[in-house]
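What follows is each chain in one-letter form.
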Amino acid sequence: ALCYVIFTYLQIKIPMPGGDATSIHLGNAFCVLAALLLGGWYGGLAGAIGMGIADVMDPIYITGAPKTFILKLCIGLITGLVAHKIAKINESTDKKYIFKWSLLASVAGLAFNVIADPIVGYFYKQYILGQPQQMAEVLAKWSALLCDDCIQVTELNIAFPRAGLKRSFCSIWKWTFRTVGGPW
């Protein structure tokens, strides 16, 4: 829900060549934050659903909703893989360790976005939507995405000192959903 709200109401649209558009927003930051708190699959799914619905509701981005869903799910999966499978931050109580690996996981997820979004977007528009694309448009989008993701990493850096609360949150989350037959 936060990804949807942030993308829909707090974005700066940037027109791109060929009538396309990109935007500066913090929706991906909340996708990463969800992956850090809930794990890669659930966090990525939350971000993918929120950002996908936001794309469907915006006439400029409606044709890109399937691409958005897949890419945001991948951001969450990559962030969760680094944070929970490689670093196992949910098993640590050391705040510096959690901070370091949360930051690395965030950078990994958002770096994937910077690289994959323009490339996947090029092939998606070229071969699925049938719209001729110029490679220069892909390169122009990289600069906007790099700026956007740097802003998001900075915003996430503000939230990380509270990462110690993650352990408490996850314990409550798992306890709550275990009682109703959740997947744990």
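Because the structure is predicted, anything quoted here is derived from the model rather than measured.

**Q** It is not clear to me how the overall build of the protein should be interpreted in this structure. Could you clarify?
**A** Helix and strand content of the protein: seven helices and two strands. Counted from the first residue to the last, the protein has its helices and strands arranged as α-β-β-α-α-α-α-α-α. In the protein, the proportion of contacts linking residues at least 24 apart, taken out of those at least 6 apart, comes to 71%. In the form shown here, the protein has an accessible surface area of approximately 9800 Å², with 71% of it arising from carbon and sulfur atoms.

**Q** Explanation requested: the confidence of the model for the protein in the structure shown.
**A** Any residue range with low pLDDT should be treated as having predicted coordinates unsuitable for detailed reading. Taken as a whole, the protein shows an average pLDDT of 78; of its residues, 70% reach a score of 70 or greater. In this model residues 161-184 is a low-confidence stretch, pLDDT under 50, and it forms 22 contacts with partners more than four residues away in sequence or in other chains.

**Q** Whenever I open this one, the state of the cysteines confuses me. Can you help?
**A** Here, the word disulfide means a covalent bond between the sulfur atoms of two cysteines. Inspection of every chain in the model, using the stated rule, returns zero disulfides. Free cysteine Cys3: the closest other cysteine sulfur is in Cys31, separated by 5.4 Å. What makes Cys3 buried here is its relative accessible area of 5%. No disulfide involves Cys74; its sulfur sits 9.9 Å from the nearest other cysteine sulfur, which is in Cys31.

**Q** Which parts of the structure should I look at to understand the pattern of salt bridges?
**A** Note on pairing: side chains with opposite charge can pair once their charged atoms come close. What the rule picks out here adds up to two salt bridges. The residue Asp58 makes a salt bridge to Lys13 at a minimum N-O spacing of 2.9 Å. Placement of the pair is Asp58 in the loop between helix H3 (40-57) and helix H4 (65-86) and Lys13 in strand S1 (residues 12-15), with a sequence separation of 45 residues. For Asp58, a relative accessible area of 10% puts it in the buried group. Lys13 sits in the partly exposed class, given a relative accessible area of 37%. Where Asp117 meets Lys67, a salt bridge forms, and the shortest distance between an N and an O atom there is 3.6 Å.

**Q** Any chance you could explain the nonpolar core here in plain terms?
**A** Nonpolar side chains tend to gather and get buried jointly when the protein is soluble and globular. Grouped together as the largest cluster of nonpolar side chains are 19 residues, with contacts concentrated most on Cys3, Phe7, Val32, Leu36, Ala83, Ile89 and Ala105. Broken down by secondary-structure element, the contributors of at least two residues to this core are helix H1 (2-9), helix H2 (27-38), H3, H4 and helix H5 (95-128). When residues in this core are grouped by element, the largest group, four residues, is from H2.

**Q** For this particular structure, what's the right way to read a nonpolar patch on the surface?
**A** Taken together, Ile49, Ile53, Val56, Met57, Ile62, Phe69 and Ile70 make up a surface patch of nonpolar side chains, about 630 Å² in accessible area. Looking at the nonpolar patch, the elements that each hand over two or more residues are H3 and H4. Looking at the nonpolar patch, the element that brings in the most residues is H3, giving four residues. Residue Ile49 is classed as partly exposed on the basis of its relative accessible area of 41%.

**Q** Mind showing me how you'd approach H3 here?
**A** In an α-helix there are 3.6 residues to a turn, and that puts residues three or four apart on one side. Here H3 contains 18 residues, and its C-alpha end-to-end distance of 25 Å stays within 8% of the 26 Å for a straight helix at 1.5 Å per residue. Those residues of H3 that fall on the buried side of the exposure criterion are Gly40, Gly43, Gly44, Gly47, Ala48, Gly50, Met51, Gly52, Ala54 and Asp55. Here the buried face of H3 lies against H1, H2 and H4.

Cut-offs applied
Residues numbered from 1 in each chain as written. Predicted model: local features only at pLDDT ≥ 70, side-chain atom pairs only at ≥ 80, totals over all residues. Heavy atoms only, no water. Helix = DSSP H or I, 4+ residues; strand = E, 2+ residues; numbered from the N terminus. Contact = heavy atoms within 4.5 Å. Areas by Shrake-Rupley, 256 points an atom, 1.4 Å probe, with all protein chains shown as cover. pLDDT = per-residue confidence, 0-100. Disulfide = S-S within 2.5 Å. Buried < 20%, exposed > 50% of the residue type's maximum accessible area, 1.4 Å probe, protein only. Salt bridge = Lys/Arg side-chain N within 4 Å of Asp/Glu carboxyl O. Core = buried A, V, L, I, M, F, W, Y, C linked by side-chain atoms within 4.5 Å. Patch = residues over 30% accessible without salt bridge, like charges linked within 9 Å, V, L, I, M, F, W, Y side chains within 5 Å. Expected span 1.5 Å × (residues − 1).

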